[in-house]
Amino acid sequence: MTMIQPGQTIGIIGGGQLGRMMALSAKEAGFRIAVLDPAEDSPCGQVADIKIIAAYDDEEALGKLAEASDVITYEFENIDYEGLKRLAERAYVPQGAELIRITQDRIAEKAAIRKAGAPVAPYIEATGFAELKSRVGEIGFPCVVKTARGGYDGKGQVIVKEEAALAEAEGLFEHSACVAEAFVPFEKEISIIIQRSTDGSSECLPVQENVHQNHILHETIVPARIGGDTEQAALEAARQIADHLQLIGTLAVEMFVLEDGRVLINELAPRPHNSGHYSIEACTISQFGQHVRAICGWPLRKPELLRPAVMVNVLGQHVDPLLKAVPNHPGWSVHLYGKADAKHNRKMGHVTILSEHNEETLSRIDETGIWEG
Ligand code: AMP
């Protein structure tokens, strides 16, 4: 079994904030970082030892990354599967390429979740609009039509309230085949981050409760306000999926909680996840530190919650009001990702607030007015 040591180099495909936080954590332990990203000044590039500036599927650049790195990981799922497979033949990519193939296609992903024995909302697949029209009766209305490939943060999906409105989903088929799933009248959304090392050990972070605004994660609350049975069902589902996929690295499992406490799996992400950022301050090991241990063949640590936490995302429109408010909130851990252009709804950073009283924290966040826009 390969154990990567401090002083050796971790190569990261993708230079966004997830890569940056992975890199920062890895550097604490003494690893070196190489990153491949097309941007000159990417969030991860700013903290890396070696920057390779090229497209993610540039074969020559992937070759350079392979030469520079002792182990290679990635920070987003929409990388070229064939390219990653070829890379795995000439470099050490312990996560493999199969998890990417599955999670970049909702059809393959849902089939895998079902095969693992975990529950999903009723759904159908459709390669074209005519097939959607003929089969949508199997799930009924309202339903949510989602492109099989390329969607994120609510992009590439349409809620269809009734049959007469089905044409609103026709445009989605320009991009790819689609799935249509029953609209879930969920009570809340939760996620579990499960991580498994090449040494076979696996750990889950505490269950996270997630609040979305406009389909983008707004707040994560830990501990999640759920019953013990729901927590057990969620952990069991995450473990079933990770086992079935023979996970190495990190898998985030997003779930809906129904009124009766049952869970349904919404989707998977094969990487550290926005809902796990609170772990940097709130847990004995962060999702990033654990990911590094997992791909480097180190035994995993138990990610215990040190204090209740609320994480709130900072989008482009929140940056200025946040910076004005910082002097009044010495207890806030402010993270900004080094992105120059604070575009509306672009993820620019996050704030984590630890306290014994998450409810009070949630009210205070609202009272600041920073997150109104
Ligand atoms: P997704 O891109 O699949 O994670 O969807 C983004 C968000 O849309 C989810 O976090 C939910 O808030 C909402 N959503 C997605 N699918 C459904 C569904 N079947 N029923 C109700 N809400 C959904």
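Predicted, not measured: the structure shown is a model, and the values here were computed from it.

Caption draft 1: Spatial organisation of a nonpolar patch on the surface. Taken together, the side chains of Leu323, Val326, Val334 and Leu336 define a hydrophobic patch exposed on the protein surface, amounting to about 270 Å² of accessible area. By the secondary structure assignment, leucine 323 is in helix 10 (residues 319-325).

Caption draft 2: Structural context of the domain arrangement of the chain. Structurally, the chain comprises domain 1 (9-93), domain 2 (122-182) and domain 3 (188-368). The centre of domain 1, based on its C-alpha atoms, is set 23 Å off from the matching centre of domain 3. On the side of domain 3, 21 residues touch domain 1, which itself brings 18 residues to the contact. A buried area of about 1700 Å², summed over both sides, lies between domain 1 and domain 3, and 68% of it is on carbon and sulfur atoms. When residues of domain 1 are sorted by the area they lose upon contact with domain 3, Gln17, Leu18 and Met21 head the list and together hold 31% of the total. Connecting domain 1 to domain 3 are 1 salt bridge. Two residues, arginine 271 and glutamate 77, come together in a salt bridge whose shortest N-O distance is 2.6 Å. If you look at where domain 1 meets domain 3, you find 6 residue pairs in polar contact (both at pLDDT 80 or more). Looking at the side of domain 1 that touches domain 3, the elements that each hand over two or more residues are helix 1 (17-28) and strand 4 (71-74). Ranked by residue count, the leading element in the side of domain 1 that touches domain 3 is helix 1, at 7 residues.

Here is what the cut-offs are and how they apply
Residues numbered from 1 in each chain as written. Predicted model: local features only at pLDDT ≥ 70, side-chain atom pairs only at ≥ 80, totals over all residues. Heavy atoms only, no water. Patch = residues over 30% accessible without salt bridge, like charges linked within 9 Å, V, L, I, M, F, W, Y side chains within 5 Å. Areas by Shrake-Rupley, 256 points an atom, 1.4 Å probe, with all protein chains shown as cover. Salt bridge = Lys/Arg side-chain N within 4 Å of Asp/Glu carboxyl O. Helix = DSSP H or I, 4+ residues; strand = E, 2+ residues; numbered from the N terminus. Domains from an automatic or database assignment. Contact = heavy atoms within 4.5 Å. Buried area = accessible area lost by both parts, 1.4 Å probe. Polar contact = N/O pair within 3.5 Å; in protein donor to acceptor, adjacent residues only side chain to side chain.

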